[in-house]
Amino acid sequence: MRRVLAIDGGGIKGVLPAAFLATIEQATGERIVDHFDLIAGTSTGGIIALGLGMGLPASEILRFYRENGPSVFGQPEGLLKRCLRLARWPFRPKYDADALRSELAQIFGDRKLGESETRLVIPAYHRDQQAVYVFKTAHHRRLEMDYRASVVDVALATAAAPVFFPAHRLPSGSHLIDGGIWANNPVGLAAVEAVGILGWPGDELRVLSLGCSDEAWIFGCDPGVAGMGILGRNVISLMFQGQSHAALGTAKILTGHPHNGSKVWRYSPTVPIGTFVMDNTGQIERLAGLGEAEAREALPELRRTFLTDHRAPFAPEHSLA
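Residues numbered from 1 in each chain as written. Predicted model: local features only at pLDDT ≥ 70, side-chain atom pairs only at ≥ 80, totals over all residues. Heavy atoms only, no water.

**Q** Please explain unusual backbone geometry as it appears in this structure.
**A** Excluding glycine, residues mostly carry a negative phi; peptide bonds, for their part, are mostly trans. Each neighbour pair has its own omega, and for His257 with Pro258 the value is 0 degrees, a cis peptide bond. Inspection of the secondary structure assignment puts Pro258 in the loop between α9 (234-255) and β9 (264-267). Residue Gln130 is not a glycine yet carries a positive backbone phi of 55 degrees. Even without glycine at this site, Val163 takes up a positive phi of about 70 degrees. You can see Val163 is positioned in the loop between α6 (151-158) and β5 (168-169). (Helix = DSSP H or I, 4+ residues; strand = E, 2+ residues; numbered from the N terminus.)

Given below as structure tokens:
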């Protein structure tokens, strides 16, 4: 049996899956990375996936969000600075990436993707090529380049959310933006990688999908801009929700769920619209509490399905040594 973990994007809302995983590690006394053969993560979920792959305990990743999230999203800051930021937002990204780069460098240093202890799949998007761009460890003989990439570069690329952060320029000159524009929930991508690239039988997979909360939608049949929030901003969340359902459907079809038994487990609490915002760091403790509560309920199922034994050792096709 092969076990797959997929973690959604969602900005500071990544506190929720980070707290979920930290709670599981605390309860079991074992690292998440030791139980999963493949981990996929997008945007904030990509940062979590990279941390797990580099062997960091989930509690340390959660601490990263708690201690460094406010500086990444420019909080706390004075009223004048907030007003200036909002005034220039229509013409440039809301935040620069310097603070995020600095904080990521503190935890990852100059480590490379090829140092991961398990297989990783981290989606981004090539701005100029207008094509998907997926960072992968060397878990197949065709994957000859990405394992040399800096973990900091991979994290900055997958998390470069349009209008929030500028595109991330790789040393090669490629400009990449957030993988969330096409795979905010990477569970479908992870299932395709497992079945289509690695050749693992779908009915032997067990897939754990972690979200950053889902919003309960209540609006008229044919709303105008006003009916979809300020400037129609809720349309983006609605599109993410539809994308997530499609990704889950892909994973379920590829694994035979539920026709030959459950194979995909999804944990992402549903909350009212606007409860959590991707750059509001004042919600960190509330998100952490929700993640802990979700893990508390999920733990018995996770013990039966994902934590029964350790994964087989990962031997990459290409090595940094």
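From this point, the narrative continues.
**Q** Looking at this model, I keep getting lost on the pattern of salt bridges. Mind explaining?
**A** Opposite charge on two side chains lets them pair, provided their charged atoms get close. Counted by the stated rule, this structure contains 13 salt bridges. Ionic pairing is found between Asp128 and Arg127, a salt bridge with its closest N-O pair at 3.4 Å. Taking relative accessible area as the criterion, Arg127 reaches 41% and is therefore assigned partly exposed. (Salt bridge = Lys/Arg side-chain N within 4 Å of Asp/Glu carboxyl O. Buried < 20%, exposed > 50% of the residue type's maximum accessible area, 1.4 Å probe, protein only.)

**Q** Any chance you could explain the packing of helix α8 (residues 187-197) against α9 here in plain terms?
**A** The angle between the axes and the distance between the axes are what describe a pair of packed helices. Closest axis-to-axis distance for the α8/α9 pair is 7 Å, and the angle between their directions is 25 degrees. When the axes of α8 and α9 are compared, the pair comes out roughly parallel. The interaxial crossing formed by α8 with α9 has left-handed handedness. Together, Val187, Gly188, Ala191, Val192 and Val195 of α8 and Ala247, Leu248, Thr250, Ala251 and Leu254 of α9 make up the contact between the two elements. Residues that form the contact of α8 with α9 fall into these classes: eight nonpolar, two polar and no charged. (Axes fitted to C-alpha atoms, helices over the stretch in contact; angles between N-to-C directions. Parallel < 35°, antiparallel > 145°, perpendicular 65-115°, else oblique. Left-handed = near helix turned anticlockwise from the far one by under 90°. Contact = heavy atoms within 4.5 Å. Nonpolar A, V, L, I, M, F, W, Y, C, P; charged D, E, K, R; others polar.)

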